[in-house]
Amino acid sequence: MRKAIMIPAAALLAMSFAVLSSHAQKKPNPSNAVRQEMPEDEVVSVNTTLVTVPVSVKDRRGKIVANLGRKDFRLYEDGVEQEIVYFDAPQGPGDADSVSAAKPLTVALLLDVSDSTQFKLEQIQTAAIVFVNLLRPDDRVLVVAFDNRVRVLAEATNDRNVLREAVAGARTGGGTRLYDALDEVIRLRLNRVAGRKAVVLFTDGVDTASSGATYAGTVRAAEESDAAIYPIQYDTYGDFSDNPSRVTNAVGSLGGTAHTTRNGELASEAYKRATVYLRLLAESTGGRFQYADNPKRLSQSFARIASALRQQYALGYYPKNRTGDGSKRRIKVRVGLPQVDVRARESYIDGARGRG
């Protein structure tokens, strides 16, 4: 199995701009079929509610700094200090069985079950179920699987039995509607849910079948949303390169070693773009990108994400300087303590949030 493709930071940024520019004229317009499979929830327009910013605070040893209050935080948008009107604290050390401090979290768990993951499905299901069990008892999880369709396996619920059955019932299929799935979850689900929320996206990152949503459109949707995205990129490239007969039968071949996706693109180029895309989603929303090339690392990735979600503060504010012009707004969070590491999303796009 091949190792992850390493991309220098400068190349990552250049590739990101290139791909975004090439898709800038395409507007996401998810198909009616997908919308029918994912009915709309109650609407809570972000334009008339809070901008919510998840924040993690750690000391120099990497340990969570607990017991901070609203007065310990200062929040700025484009240099203008904002009034923090919503505050939610994580549970402190030793409070593993207590959920009195933090409000419930809504997590959208998106599972890529396309044919490229069929050899790993059981491992994926096991790790995903462990992840669900690591969340707090009252956290709600929406489970969505996607291949050439986008399917809701479980509506948002904290019933662990329902969630375990939903994940265990996932089956693989052909094609990958990654962009469609992410666009639908953000625009039709999480943008209509109040409170703390996040997306955990498990995929190799290669889209082959989306009919409406695009690379650029989903990046913008992520920037408009106040949900942090935590992608886990799982290695499926090695399966194709180590098994030429599978590549020939499933995705075509350009000879003995050059393999292509269903769209006729060189697999190596598709995977490079996928890595750029997933990293960009994480960086633009305050989440974290994880790479897993074996079952142990997959389980570790899910565990790290669950821990990060449990340890977050959440700050909410009504922007004093909102323009609604679709511009990118810069966010800065400061904590009145020395030698701490503060991690929060750095920006969002103003104006289009909450639209259906």
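Residues numbered from 1 in each chain as written. Predicted model: local features only at pLDDT ≥ 70, side-chain atom pairs only at ≥ 80, totals over all residues. Heavy atoms only, no water.

### Remarks on the overall build of the chain
Next up, step 1: On a plain count of helices and strands, the chain comes out with ten helices and 14 strands.
Next up, step 2: Out of the 356 residues in the chain, the part that is buried amounts to 53%.
Next up, step 3: Put simply, of all contacts in the chain between residues at least 6 apart along the chain, 79% involve residues at least 24 apart.
Next up, step 4: Element-wise, carbon and sulfur atoms account for 49% of the exposed surface of the chain, whose accessible area totals about 15400 Å². (Helix = DSSP H or I, 4+ residues; strand = E, 2+ residues; numbered from the N terminus. Buried < 20%, exposed > 50% of the residue type's maximum accessible area, 1.4 Å probe, protein only. Contact = heavy atoms within 4.5 Å. Areas by Shrake-Rupley, 256 points an atom, 1.4 Å probe, with all protein chains shown as cover.)

### Re the sheet that holds strand E8 (residues 196-203)
Next up, step 1: Taken in spatial order, the six strands make up an open sheet running E7-E6-E5-E8-E9-E10, and their pairing is mixed. Only two strands of the sheet have a single neighbouring strand rather than two, namely strand E7 (150-157) and strand E10 (290-292). Sheet twist, expressed as the average angle between the axes of neighbouring strands with direction ignored, equals 15°.
Next up, step 2: Examined bridge by bridge, strand E6 (residues 140-146) and E7 share five bridges and lie antiparallel to one another. Its bridge partner being in E7, valine 141 is matched across the sheet by threonine 157.
Next up, step 3: On the sheet, helix H10 (residues 295-310) packs against strand E5 (105-112), E8, strand E9 (228-234) and E10 and is oriented at approximately 175° with respect to E9. (Pairing = 2+ DSSP bridges. Axes fitted to C-alpha atoms, helices over the stretch in contact; angles between N-to-C directions.)

### Description of the sheet that holds strand E4 (residues 86-88)
Next up, step 1: Strand order in the open sheet formed by four strands is E4-E11-E1-E13, with antiparallel pairing between adjacent strands. This sheet does not close on itself; its edge strands, each paired only once, are E4 and strand E13 (340-344). Looking at each pair of strands side by side, their axes are set apart by 20° on average, direction ignored.
Next up, step 2: In this structure, E4 lies alongside strand E11 (residues 313-317), joined through three bridges in antiparallel fashion. Looking at the pairing, tyrosine 86 lines up with glycine 316 of E11.

### Re the nonpolar core
Next up, step 1: Ranked by size, the top nonpolar core spans 34 residues in total, and within it Leu109, Leu111, Phe131, Phe202, Leu298, Phe302 and Leu309 carry the most contacts.
Next up, step 2: Counting only elements with at least two residues in this core, the list comes to E5, helix H3 (121-134), E6, helix H4 (160-168), E8, E9 and H10.
Next up, step 3: Tallying contributions element by element places H3 first for this core, with seven residues.
Next up, step 4: Discounting chain neighbours no more than four positions away, the residues touching leucine 111 are Ile124, Ala128, Val143, Val144, Ala145, Phe146, Val167 and Phe202.
Next up, step 5: Membership of the second largest hydrophobic core comes to 29 residues, among which are Leu110, Val185, Val219 and Val276. (Core = buried A, V, L, I, M, F, W, Y, C linked by side-chain atoms within 4.5 Å.)

### Examining the pairing of E8
Next up, step 1: Extensive coverage of E8 is indicated by the burial of eight of its eight residues.
Next up, step 2: Where burial is concerned, the two faces of E8 agree: the one with Arg196, Ala198, Val200 and Phe202 and the one with Lys197, Val199, Leu201 and Thr203 are both buried.
Next up, step 3: Here E5 runs beside E8; their pairing, made up of seven bridges, is parallel. Of the residues in E8, the one forming a bridge with leucine 110 is leucine 201.
Next up, step 4: In terms of strand pairing, E8 meets E9 through six bridges, oriented parallel. Bridge pairing links alanine 198 to alanine 228 in E9.

### Points about unusual backbone geometry
Next up, step 1: Of note in the backbone geometry, asparagine 67 takes a positive phi value of approximately 65° without being a glycine.
Next up, step 2: Of note, aspartate 78 is a non-glycine position whose phi angle comes to about 50°, a positive value.
Next up, step 3: Tracing the backbone shows aspartate 78 in the loop between strand E2 (73-77) and strand E3 (80-82).

### A short note on the packing of helix H6 (residues 215-224) against helix H9 (residues 267-285)
Next up, step 1: Their axes nearest at 9 Å, the elements H6 and H9 cross at an angle of 15°. Here H9 runs roughly parallel to H6, going by the angle between their axes. Here the hand of the crossing between H6 and H9 comes out right-handed. For the pair formed by H6 and H9, the contact residues are Tyr215, Thr218, Val219, Ala222 and Glu223 on the first element and Arg273, Val276, Tyr277, Leu280, Leu281, Ser284 and Thr285 on the second.
Next up, step 2: In the contact of H6 with H9, the residues fall into seven nonpolar, three polar and two charged. (Parallel < 35°, antiparallel > 145°, perpendicular 65-115°, else oblique. Left-handed = near helix turned anticlockwise from the far one by under 90°. Nonpolar A, V, L, I, M, F, W, Y, C, P; charged D, E, K, R; others polar.)

### Observations concerning the packing of aromatic side chains
The geometry of an aromatic ring pair comes down to the distance between the two centres and the angle between the two planes.
Next up, step 1: Counted under the stated rule, the structure contains nine aromatic pairs.
Next up, step 2: Ring geometry for tyrosine 179 and tyrosine 277: centres 5.1 Å apart, planes at 65°, overall edge-to-face. On the criterion of sequence distance, the pair formed by tyrosine 179 in helix H5 (residues 178-189) and tyrosine 277 in helix H9 is long-range, its members being 98 residues apart. Comparing tyrosine 179 with tyrosine 277 shows no difference in burial state: the two are buried.
Next up, step 3: Measuring from centroid to centroid gives 6.4 Å for phenylalanine 202 and phenylalanine 302, while their planes differ by 20°, and the two rings are stacked. Here the residue phenylalanine 202 occupies a position in strand E8, and phenylalanine 302 occupies one in helix H10, the gap between them amounting to 100 residues. Each member of the pair, phenylalanine 202 as well as phenylalanine 302, is classed as buried.
Next up, step 4: Taken together through their ring pairs, the aromatic side chains of Phe131, Phe202, Tyr234 and Phe302 make up a single cluster. (Phe/Tyr/Trp six-rings, centres within 6.5 Å; stacked < 30°, edge-to-face > 60°.)

### Points about the confidence of the model for the chain
Detailed reading of the predicted model is not advised wherever pLDDT is low.
Next up, step 1: Overall, the predicted model of the chain reaches an average pLDDT of 78, with 73% of residues at or above 70.
Next up, step 2: Counting interchain partners and residues more than four positions distant, the pLDDT-below-50 stretch residues 92-101 has ten contacts.
Next up, step 3: Confidence drops under pLDDT 50 across residues 241-257; counting only partners more than four residues distant or on other chains, this segment forms 25 contacts. (pLDDT = per-residue confidence, 0-100.)

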